[in-house]
Amino acid sequence: MPTNDHALTGFDSPRILIVGAGPVGLFLALKLAQSGINSTVIEKEDSTSKLPRACGHAGIVQHEFAKIGIYDKIKAMGGFISVGPCWRKPLIDNDSGGKDLGEMVANFKKHKTVDPSMPPGSGTLHFPQAKLSELLLKEAVSTGRVEVRFNSDLESIQDNIDDTVSITVKDMTTGSSFSLSGTYLVGADGATSKTRKLLDIPFAGYTWDRKLLATDVLIYNQPGEESPHPTSFIMDETHFGVITPLMEPKQGTRSLWRYTIGLPVNDPRSNDELLGPEYVESIYENYMPGPRPLDYEITNKSIYSIHQRLASTMRRGRVLLAGDAAHICNPFGGLGLNTGFLDVMALHDSLVMILKEGYSDELLDIYSDERRRSFQMFVDPMSTYNLLRVISKDAEKTTEDDWYFRALKNGNRRVLKSLEKQVSENWATDMRAILRADGDEMQL
Ligand SMILES: Cc1cc2nc3c(=O)[nH]c(=O)nc-3n(C[C@H](O)[C@H](O)[C@H](O)COP(=O)(O)OP(=O)(O)OC[C@H]3O[C@@H](n4cnc5c(N)ncnc54)[C@H](O)[C@@H]3O)c2cc1C
């Protein structure tokens, strides 16, 4: 077993290099800083991303947010909890010339679903990724242990013989290059990860034949009874999708919603055409409940290809992968970023144990194996079937035929418990519990 020369002697060294100031990279930087470990984050863009991406954060992640002191800040910035979601048939015409949400064909729970006062873990926390990244950046930098360098593009990686790793980085504003060294390097640089490519790590899997149109849109919430299920999966063979609130949807006020809508198989149009106002309006005509003519304001929009892919390893020497750089899945069910945050929790614990408690860095092999197992056993199949369930010709028939929907409908305790077990046994990785189970042979 290799010796560990890097147990911390003080707070000045060692330093972790992180590629990517996305939510995963910044979450890792913040958690490491709170454990007394310094990091430098490089980000090729000039700010954190504003794109319409994740918005639903799972209970297990909320508890971690509370632990690191950002849960209440998220609530104060408009984050709220909902319990749901539900699945619906496509929208229907109403008597006033407008459209109503289609009939609900399956759902999780029927009680009141939006409650800002609910404690962590009571349901799904809604908070847009762009705002979360801004908060994580602010919190990380304010620790004094995190340096973030924007406009800095990773160019090359050198795993040195002196037990450090160095990177060459291009300063996008001047065109010149500089180098940085650290004890470990973490590639949190998203699905197209240059870290992964530079290490020649395969990213096997496939790309779906459908794209998604994701828009953040301000809509007037019609007065009347509050919908008991603010997040609706729309079941349709072509324009399947999900409608979810980004702000607490109070009746009689305008609030921000995310519409994520499937596009036809192998749609030949360019992304610019798909994002054009006429096309988006034509989709909304059939997708947005409420009176006509439609009254909305789009604040953000993007087209996404969707994939199921997993890196063949999440560790190569002193370089680790986390988040989308290591695994990607379609966004139905919110298993992308949540899984990335669970990577960070396991990686943070591993690095603390190696750098501060004298454990062997073979722990990082366990990190790689366990997080890849999580994707293979849970995230990949679950997200795949979350998507296949909404691509449905006949929502009623699908919910009758599929054991998952039948269990939701009839509350079959055995099946629901097996689903819970699947989550609890396969999603998160508790490094300390694994070591206890394996006999804790890694402490040097
Ligand atoms: C429509 C949609 C909805 C989604 N909804 C959810 C949801 O509700 N819940 C959920 O859990 N997940 C969801 N996801 C998935 C989620 O958005 C991703 O899993 C998440 O963005 C991954 O974060 P990351 O930090 O790993 O990568 P990214 O967010 O991609 O960040 C990577 C960062 O690295 C930077 N970078 C890249 N290359 C370099 C380089 N060479 N040098 C320096 N920096 C570099 C990038 O500029 C970027 O800032 C959704 C995705 C989509 C598309």
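Predicted model, so just to flag it, every value in this text is computed and none were measured. (Residues numbered from 1 in each chain as written. Predicted model: local features only at pLDDT ≥ 70, side-chain atom pairs only at ≥ 80, totals over all residues.)

(A) Structural view of the overall build of the protein. Assigned secondary structure in the protein consists of 13 helices and 22 strands. Counting all 444 residues of the protein, 44% fall into the buried class. By sequence separation, contacts in the protein at least 24 residues apart represent 73% of the contacts at least 6 residues apart. (Helix = DSSP H or I, 4+ residues; strand = E, 2+ residues; numbered from the N terminus. Buried ≥ 20, exposed ≤ 12 C-beta atoms within 10 Å, placed from the backbone. Contact = placed C-beta atoms within 7 Å.)

(B) Examining helix α8 (residues 337–357) more closely. With 21 residues, α8 should reach 30 Å at 1.5 Å per residue; the first-to-last C-alpha distance of 29 Å fits that figure. Counting buried residues along α8, 18 of its 21 residues qualify, which places the element largely inside the surrounding structure. Positioned one or two residues after α8, G358 has a phi angle of 80 degrees, which is positive. (Expected span 1.5 Å × (residues − 1).)

(C) The arrangement of the packing of helix α9 (residues 363–390) against helix α12 (residues 413–426) in detail. Interaxial distance between α9 and α12 falls to 9 Å at its minimum, and their mutual angle equals 165 degrees. Here α12 runs roughly antiparallel to α9, going by the angle between their axes. When the axes of α9 and α12 are compared, the crossing they make is left-handed. From α9, S374, M377 and F378 reach across to α12, where they touch Q422, V423 and N426. (Axes fitted to C-alpha atoms, helices over the stretch in contact; angles between N-to-C directions. Parallel < 35°, antiparallel > 145°, perpendicular 65-115°, else oblique. Left-handed = near helix turned anticlockwise from the far one by under 90°.)

(D) Here's a closer look at the site of the ligand. Close contacts around the ligand come from 37 residues, with G20, G22, G190, G323 and G336 the closest. Listed by contribution, the elements that provide at least two residues to the shell around the ligand are α1 (23–34), β11 (152–159), β15 (203–220) and α8. Looking at the shell around the ligand residue by residue, the class counts come to 16 nonpolar, 13 polar and eight charged. Domain assignment of the residues forming the shell around the ligand places at least three in each of domain 1 (15–55 + 128–202 + 312–437) and domain 2 (82–115 + 209–306). (Near = placed C-beta within 6 Å. Nonpolar A, V, L, I, M, F, W, Y, C, P; charged D, E, K, R; others polar. Domains from an automatic or database assignment.)

(E) Structural view of helix α4 (residues 129–142). Counted at 1.5 Å a residue, the expected span for α4 with its 14 residues is 20 Å, and the 20 Å between its end C-alpha atoms agrees. Looking at the packing, one finds that the buried side of α4 touches α1, α3 (71–76), β10 (146–149) and α8.

(F) Fine view of the nonpolar core. Core analysis: the largest hydrophobic core is formed by 103 residues, its most contacted members being L28, A29, V186 and A322. Counting residues per element, this core draws most heavily on α8, at eleven residues. Two domains share this core, each providing at least three of its residues, namely domain 1 (15–55 + 128–202 + 312–437) and domain 2 (82–115 + 209–306). (Core = buried A, V, L, I, M, F, W, Y, C linked by C-beta atoms within 7 Å.)

(G) Summary view of the domain arrangement of the protein. When its domains are assigned, the protein resolves into domain 1 (15–55 + 128–202 + 312–437) and domain 2 (82–115 + 209–306). On a C-alpha basis, the centres of domain 1 and domain 2 stand 28 Å from each other. On the domain 2 side, the residues contacting the 19 residues of domain 1 number 24 residues. When contributions to the side of domain 1 that touches domain 2 are tallied by element, the ones reaching two or more residues are α10 (395–401) and α11 (403–410).

(H) Main features of the environment of R318. Looking at the secondary structure, you find R318 in the loop between β20 (315–316) and β21 (319–321). Given 21 C-beta atoms within a 10 Å radius, R318 is considered buried. Sequence separation between R318 and R414 is 96 residues, and the spatial gap between their C-alpha atoms is 44 Å. Those residues in contact with R318, other than ones at most four positions away along the chain, are D159, V165, Y184 and L185.

(I) Up close: the confidence of the model for the protein. Chain-level statistics for the protein give a pLDDT mean of 92 and a share of 93% at 70 or above. When the criterion is pLDDT under 50, residues 1–11 qualifies, and its contacts beyond four places in sequence or with other chains add up to 22 contacts. (pLDDT = per-residue confidence, 0-100.)

(J) Fine view of the sheet that holds strand β13 (residues 177–182). Taking strand neighbours across the sheet as the criterion, the three strands line up as β11-β12-β13 in an open arrangement whose pairing is antiparallel. Edge positions in the open sheet fall to β11 and β13, since each of these has one partner strand only. Averaged over all neighbouring strand pairs, the angle between strand axes comes to 25 degrees, with direction disregarded. When β11 meets strand β12 (residues 165–171), the two strands line up antiparallel, connected through seven bridges. Among the inter-strand pairings, L154 is bridged to a residue of β12, identified as V169. (Pairing = 2+ DSSP bridges.)

(K) Highlighting the pairing of β12. Connecting β11 to the next strand, β12, in antiparallel fashion are five residues, including D163 with a positive phi near 65 degrees. The pairing of β12 with β13 spans six bridges and is classified as antiparallel. For V165, the partnering residue across the bridge sits in β13 and is G182.

(L) Structural view of the sheet that holds β20. The strand order across the open sheet formed by six strands is β10-β2-β1-β14-β21-β20, and the pairing between neighbours is mixed. Only two strands of the sheet have a single neighbouring strand rather than two, namely β10 and β20. Relative to β10, strand β2 (residues 38–42) runs parallel, the two sharing four bridges. Note on β10: the bridge partner recorded for T40 is E147.

(M) Structural context of unusual backbone geometry. Along the chain, R292 connects to P293 via a cis peptide bond; the corresponding omega equals 0 degrees. Phi at D163 is positive, roughly 65 degrees, even though this residue is not glycine. Residue D200 is not a glycine yet carries a positive backbone phi of 60 degrees. With respect to the helices and strands, the residue D200 is situated in the loop between α5 (194–198) and β15.

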